Structure formats: structure tokens, C-alpha cells
Amino acid sequence: MAENAVEAGGERFLKKRQVLFLFVFLGGSLAGSQSRRYSVAEEKERGFLIASLAKDLGLSAGELAARGAQIVSKGNKQHFQLNHQTGDLLLLETLDREELCGPTEPCVLHFQILLQNPLLFITNELQVIDINDHSPVFSENEMQLKILENTPPGTIIPLENAEDLDVGKNSLQNYTITPNSHFHVLTRSRRDKRKYPELVLDKVLDREEQPELTLTLTALDGGTPPRSGTVQIHILVLDINDNAPEFTQSLYEVQILENSPLNSVIVTVSASDLDTGNFGTLSYAFFHASEEIRKTFQLNSITGDIQLTKCLNFEAINTYEVDVEAKDGGGLSGKSTVIVQVVDVNDNPPELSLSSITSPIPENSPETVVAIFSVSDLDSGDNGRMICSIENDLPFVLKPSVENFYTLVLEGALDRESRAQYNITITVTDMGTPRLKTQHNITVLVSDVNDNAPAFTQASYTLRVRENNSPALHIGTVSATDTDAGANAQVTYSLLPPADPHVPLASLVSINADNGHLFALRSLDYEALRAFEFRVGACGRGGAARAGRCSVPEGPFPGHLVDVSGTGTLSHSYQYQVCVTEDHRTGEFKFLKPIFPNLLVQDTEREIKESSNCRNSFVFS
């Protein structure tokens, strides 16, 4: 029946199992309580108390530990730890908001709480609060400006901006300038919310009166107290150069694949100047570009070609805003902006993180969760969408859980005697072009249960013994096997009660419980006893979970129920024939010294030989 069940189960698993899991927040059957958002200021020391997790979950610390609570974070780096004695969620390391999130605000770290018995996922968030631990910084200590003496009041001169790694109110807020007899400064915001200064001319300059000016530009953030950074501005007043360079486009927008080769020209900017000679000769340069932009791109000062000098990574930075300045020989300049959009390519294979695995599994287990794992892909769009699958000829199925978690579930009972081990390959494939995949192998062992009865190697045995034999004579051996394993496969032999209660079975024959050796306990007299009948029962020894009797369903004679001292094992019985002969010849059998019933006989080298002088027979088992 077990083999038929396996065959029927095999037909049910012919279809290939595939589960498509989109990276969206899904509510699954294993989803848990409503998610919470905790918060902690950056730079807190290791061990800082974030929250009483046990209290928030309505559990005691002991219940939290008993349910095997785990903190699972996205990626391989863990920022938190769970104190199972107190149920508190603690910092595992000092958090640097700028390192974790850069300019992104709010800075939120996602993590899950995994509970067992029953299985439960709870999605949570930790917001890292910025502190004012960075001052505004200019990339250079000095700026040099050249301004025509006939520049009209109200003219705006762009200045290099400072950078502040903090965010929100702690970021750079405004600029001031001193002294301000000829100028004032405006604070402007770019599209990426960075603030930059513009110098506004309030009073006409006179080169003959004052050919040079020195100003101090101060950048202030909004912290309490505020932090600041300064730069010196040296202004050289020029004679008239009445035309400034102008770009053909005020805004350039380009797209570039993230796997573009180094030294690729991504765009060429172009400007012109109506002046002649040195005043009409232009040179190009980046204008208050960040260190990242200067590492990633190179601008040819003569041609205006912008080349790629660093490999792009869409997952790290997907947009660059680059300001380009064209300056003529007289010091006048024009400005244009280049927006570089990085296009994602499928360059990250899916990742699989195994959270737990159950092995071995008893062969009669019902539907069981074998493994819990999560998948992720750093790419975006179709490049980050994944298909998760296993082989289609296995009694297991993948089920999606909360967010990007899956469970590998046993679907139907197993039969260890048919297959004791399963090697399961989990394949995670993304939907990008070309498709990338990751495979993870899981080995599941099937443990034995006592579900098979012993079977004798022969349906019947014919043993011939001459009368007047020596007591304790080894007259033959029976053998049975059990397809179970371990203690469930160890066979014990015993004589079952005779059908005729007047036959003194216990004084005639004995069997060794361990090896099935049969012994004649006394000398047999053909004239006194020509035939008698017993059955031999074989019981595997490890079935303590079953009833205290063994069924005897097979054999050519009617079966019986026989007690086996409460071990609760399975048995089969068969019948055996013994002939008692009249011939008293010696040398044909090895006679042993007398022994008591069930005593193990050490020397069993010679087998009982058949005799043509057997006239009558009797059956025992």
C-alpha cells in the first residue's frame, strides 16, 4: 500500500511548481501583528535600549525566548540584537545615519521579528534620527572671481556651495557674507534641495578706485547651536569684456547604462562668446561639483566632452546633477546643468538567505514546514522581480509568506523505505535580460517509523530430525527481515502458543530469540510422538508506540494474536515441518551438550540434512 501511495503521489507532483513573488508588501497567512516604527538618534553606543520588544508584542521575556524569537534584517548586516532574558531590543553597533542613508530622509531601517510555534512574522522599522555632528564644508579654502567694472547693480554671480552631511534642520540652511559694502548674498535651493549661494552686486565697482576686494562667505546649518564653515572670496575687478559665454542649452539631459565602459563620452556641452581674441576663447570646467562627481566624470576643458571615469552602479546612485561652467579669457562665465540618468541593467543575481531548516523528518509526518528562507535582488523593475521554484517531482511545495519570505512545505506523507533522502534545489531567477539565477541546495533526511512488519525469507521450512537425538541439538535456523531501520528493524524470534494445548511445546523445541536457531530440547521418540504443530513469530524491537500484541497475518495456516511482552511490535508467522526418523546412524549430525530453553548455542556450523527414511512429519513454528 505504501508503494501505491508513492506512485499516486508521484503523479500529483508532475506539474512544475513555480511561485512568482513581486517585491511589494504583501500580507500572508503567516503575517503577524501590526508593524511598529521605533526611533533612535544616531551615534548611540552599542547596547542602547531601543524598545521593550516583549512588552510591545504582549509577551513575557520567557515566552519570547520559548518561541525562538529572531531579528532578521535585510541584507547580511545586523544592526540589532534581542536580549532573550529581558525581551529588550538593543543596538548591536553604533549607527551612523550618514553612512547608512546618505542624504535620504527619513533614514529607515527595515527588519522583521520571526517567531516560532506558531510561525509568525512581524515587520518593523527603525528610524535613525539625525544629530548635528557635521559642519558645512567648502571644497576649497578660497574662491577667485573676476567681475567687470561696468557690471550693473543687481547682477547675480553664482558661488561655490558648501556641503553638510546632516539632513533636515541640521543641514545647511543659509549663507552670509562680510563685509557687504558692495554685495549681499542670496541663498538658493537646487532641485535636489541642496542650498547654494549667489552673490548680488549692490553697488557699481570702480577698478581704478578698488581693483580687488576680499569677502568672507559663511555657510550656517540649522542645528542648536549652529555649525558653520567659511571660505575667502577674492574679487578681481576687470576692464570691460562685454560678452559672457552662453551655452547652446541651459539644461542637458542624458541617459547612460550602468555597465557603460570607462572613458565613454556621455555628452558634449557647447558654449559660444561674441567677443573676439582672448575674450572669446572659452574653457570648460565643473562648477562646485561634489567629490563623487569629480571621481565619476571628467570634462575636457577644450572640447566640452564629459567622459566616464568610474564604473556606475544604479543601486548606489541613479541620478547625477552636474553643473558646467564655460569661462572666456576675460574671466566671464556662463553656466549650464547636465542631468545624468543611470539606467539599470541586470547585473545583480538574486540572493537567498536561509533562516531555518527541519531535518530529519519522520516518514509519516503530515504537512510540515521544512525550511524558511528569504530572497532579494538589488536590481529594480523587471531586473529585480523574481521567480522561486523547486524540482517538479518532489513531495514538497514552495509557499510565499510575508514580504520576500518563503516556506518549503512537505506535501503528503513520505516513505523512508522508498526514499530516505531528498536533495532539494531551490532556484531563484529574476525577470531581467539576461536572466540571472541563484541556486541553493537543501538536504532533507527521512527518519524511520515502525510501519513494516518482519517478513520471513521462506514461506515454510522442512526440518528432518532423527529420533533419539541428543538434547539441545541445533535442528535448523529460520530467518526474517524488516525493511525498517535501526531498532525498528531488529527482529526477535519466539514460539507462538500451540493449537493443541496438550502438546508440551516448551519441553520439545526452543528458539533463540536473537538469531532464529531452533533446538530440540530433549530426545524425540518416534513411537511416542509422530507429529505435532507451533508457529514462529518474528517481531522488530523498536515499536513502543504500537499496541502490545503482534499480528500474524501471513502463512499457509490460520494466524493468531500473540503477546510479545508489551513491546508493541509487528510480526509475521510461518509454519515449519520436522520429521522424526527411525535411523540411529551417527556422524550425520553434530550433537551439542544439553542446554536450557532459549540458551544460545555457540557452535551451529552444520545444517540438518534431509533423510529419505522420514515416514511421518509434524509441523511447528
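Since this is a predicted model, take the numbers as computed values, not measurements.

Peer 1: Could you give me a rundown of the overall build of the protein, with the residues and numbers involved?
Peer 2: Looking only at helices and strands, one finds 6 helices and 44 strands in the protein. Going through the 621 residues of the protein one by one, you find that 45% of them count as buried.

Peer 1: Kindly report on the sheet that holds strand E17 (residues 251–257), identifying the contributing residues and their values.
Peer 2: Judged by pairing direction, the sheet is mixed, and its 4 strands sit side by side in the order E17-E24-E23-E20 without closing on themselves. Looking along the sheet, the strands with just one partner apiece sit at the ends: E17 and strand E20 (282–286). Adjacent strand axes in the sheet meet at a mean angle of 25 degrees, parallel and antiparallel pairs treated alike. Direction of pairing for E20 relative to strand E23 (residues 319–328): antiparallel, over a ladder of 5 bridges. Residue pairing in the sheet places Leu282 in a bridge with Asp328 of E23.

Peer 1: Pulling in residues and values, what's your account of the side chain of Thr151?
Peer 2: Tracing the backbone through its elements, the reader meets Thr151 in the loop between strand E9 (142–148) and strand E10 (156–158). Engagement of the side chain of Thr151 in a polar contact is seen with the backbone oxygen of Leu148, the distance being 2.7 Å.

Peer 1: I'd like a description of the nonpolar core, backed by residues and values.
Peer 2: Nonpolar side chains tend toward joint burial in soluble globular proteins. Within the largest apolar cluster, 26 residues are counted, with the highest numbers of intra-cluster contacts made by Val269, Phe297, Ile306 and Val338. For this core, the secondary structure elements donating two or more residues are E17, strand E18 (265–268), E20, strand E21 (297–299), strand E22 (305–308), E23 and strand E24 (333–343). Broken down by element, this core gets its largest block of residues, 4 residues, from E23. Ignoring any residue separated from it by four or fewer positions in sequence, one finds Val338 in contact with Tyr252, Val254, Val267, Val269, Ile306, Tyr320, Glu321, Val322 and Val324.

Peer 1: An account of the environment of Pro360 is requested, with residue identities and associated values reported.
Peer 2: Relative to the helices and strands, Pro360 resides in the loop between strand E25 (351–357) and strand E26 (361–362). Along the sequence, Pro360 and Gln421 sit 61 residues apart, while their C-alpha atoms lie 8.9 Å from each other.

Peer 1: Before we move on, could you go through unusual backbone geometry and cite the residues and values that matter?
Peer 2: Omega for the peptide link from Thr224 to Pro225 comes to -5 degrees, which places this bond in the cis form. Examined against the element boundaries, Pro225 turns out to sit in the loop between strand E14 (212–221) and strand E15 (228–238). The omega torsion across Thr433 and Pro434 is -5 degrees, close enough to zero to call that bond cis. The residue Pro434 is located in the loop between strand E31 (421–430) and strand E32 (437–447) in this model. In this model, Asn117 sits at a positive phi of 50 degrees, which is unusual for a non-glycine residue. One non-glycine residue, Ala472, lies in the positive phi region at around 65 degrees. In this structure, Ala472 sits in the loop between strand E34 (460–466) and strand E35 (473–477).

Peer 1: I'd love a proper account of the packing of aromatic side chains, names of residues and values included.
Peer 2: The tally for this structure, following the rule as stated, stands at 8 aromatic pairs. Each ring, one from Phe80 and one from Phe111, has its centre 4.8 Å from the other, and the planes form 45 degrees; the classification is tilted. One end of the pair, Phe80, is in strand E5 (residues 80–83); the other, Phe111, is in strand E7 (residues 107–115), with 31 residues separating them in the sequence. Each of the two residues, Phe80 as well as Phe111, counts as buried. Seen from their ring centres, Phe121 and Phe405 are 4.8 Å apart, and the 40 degrees between their planes marks the pair as tilted. Placement of the pair is Phe121 in strand E8 (residues 120–129) and Phe405 in strand E30 (residues 405–410), with a sequence separation of 284 residues. Relative accessible area serves as the criterion here: at 1%, Phe405 is assigned to the buried category.

Peer 1: Give me the lowdown on the state of the cysteines, citing residues and values where you can.
Peer 2: Taken as a whole, this structure holds 1 disulfide when the rule is applied. The disulfide partner of Cys101 is Cys107, and the gap between their sulfur atoms is 2.0 Å. On the S-S bond that ties Cys101 to Cys107, the torsion sits near 65 degrees, and the link is right-handed. Across this residue pair, the class does not change: Cys101 and Cys107 are buried.

Peer 1: Outline the sheet that holds strand E6 (residues 88–91), supporting the account with residue identities and numerical values.
Peer 2: With respect to topology, 3 strands assemble into an open sheet ordered E3-E6-E5, the strand pairing being antiparallel. Looking along the sheet, the strands with just one partner apiece sit at the ends: strand E3 (49–52) and E5. Pairs of neighbouring strands in the sheet enclose a mean axial angle of 25 degrees, with direction left out of account. Pairing of E3 with E6, which is carried by 3 bridges, proceeds in the antiparallel orientation. For Ala51, the partnering residue across the bridge sits in E6 and is Leu89.

Peer 1: Just give me the short version of the pattern of salt bridges, but keep the residues and values in it.
Peer 2: A full pass over the atoms with the stated rule returns 14 salt bridges. Here Arg188 makes a salt bridge to Glu198, at a shortest N to O gap of 3.1 Å. Separated by 10 residues along the polypeptide, Arg188 in strand E12 (residues 183–189) and Glu198 in strand E13 (residues 195–201) bring together distant segments of the chain. Its relative accessible area of 34% is what places Arg188 among the partly exposed residues. Between Arg416 and Glu417 there is a salt bridge, with the nearest N and O atoms lying 3.1 Å from each other. Residue classification places Arg416 among the buried residues on the basis of a relative accessible area of 14%. Three or more residues joined by partner-sharing salt bridges are found here, namely Arg97, Glu98, Glu105 and Asp130.

Peer 1: Hey, could you go over the pairing of E12 for me, with residue numbers and the actual values?
Peer 2: Taken together, the 7 bridges between E12 and E13 define a ladder with antiparallel strand orientation. Bridge pairing links Thr187 to Pro197 in E13. Hairpin geometry of E12 and E13 is characterised by an intervening segment of 5 residues between the two adjacent antiparallel strands and by a positive phi of about 75 degrees at Lys193.

Peer 1: So what's going on with the side chain of Asn348? Residues and values would help.
Peer 2: Inspection of the secondary structure assignment puts Asn348 in the loop between E24 and E25. For Asn348, the side chain forms a polar contact with the side chain of Glu315, separated by 3.2 Å. One polar contact links Asn348 to Asp347, side chain to side chain, over a distance of 2.9 Å. Here Asn348 is in contact with Glu315, Asp377, Leu378, Asp379, Asp430 and Leu436, once residues within four sequence places are set aside.

Peer 1: Quick rundown of the environment of Glu325? Include the residues and the values.
Peer 2: Mapped onto the elements of the fold, Glu325 is located in strand E23. Setting aside residues up to four positions removed in sequence, Glu325 forms contacts with Phe247, Ser283, Tyr284, Ala285, Phe287, Ser333 and Gly334.

Peer 1: Talk me through the environment of Asn441; I want residue IDs and the actual numbers.
Peer 2: By the element assignment, Asn441 lies in strand E32. In this view, Asn441 contacts Ile424 and Thr425; residues no more than four positions away in its chain are not counted. For Asn441, the side chain forms a polar contact with the side chain of Thr425, separated by 2.7 Å.

What counts and what doesn't
Residues numbered from 1 in each chain as written. Predicted model: local features only at pLDDT ≥ 70, side-chain atom pairs only at ≥ 80, totals over all residues. Heavy atoms only, no water. Helix = DSSP H or I, 4+ residues; strand = E, 2+ residues; numbered from the N terminus. Buried < 20%, exposed > 50% of the residue type's maximum accessible area, 1.4 Å probe, protein only. Pairing = 2+ DSSP bridges. Axes fitted to C-alpha atoms, helices over the stretch in contact; angles between N-to-C directions. Polar contact = N/O pair within 3.5 Å; in protein donor to acceptor, adjacent residues only side chain to side chain. Core = buried A, V, L, I, M, F, W, Y, C linked by side-chain atoms within 4.5 Å. Contact = heavy atoms within 4.5 Å. Phe/Tyr/Trp six-rings, centres within 6.5 Å; stacked < 30°, edge-to-face > 60°. Disulfide = S-S within 2.5 Å. Salt bridge = Lys/Arg side-chain N within 4 Å of Asp/Glu carboxyl O.

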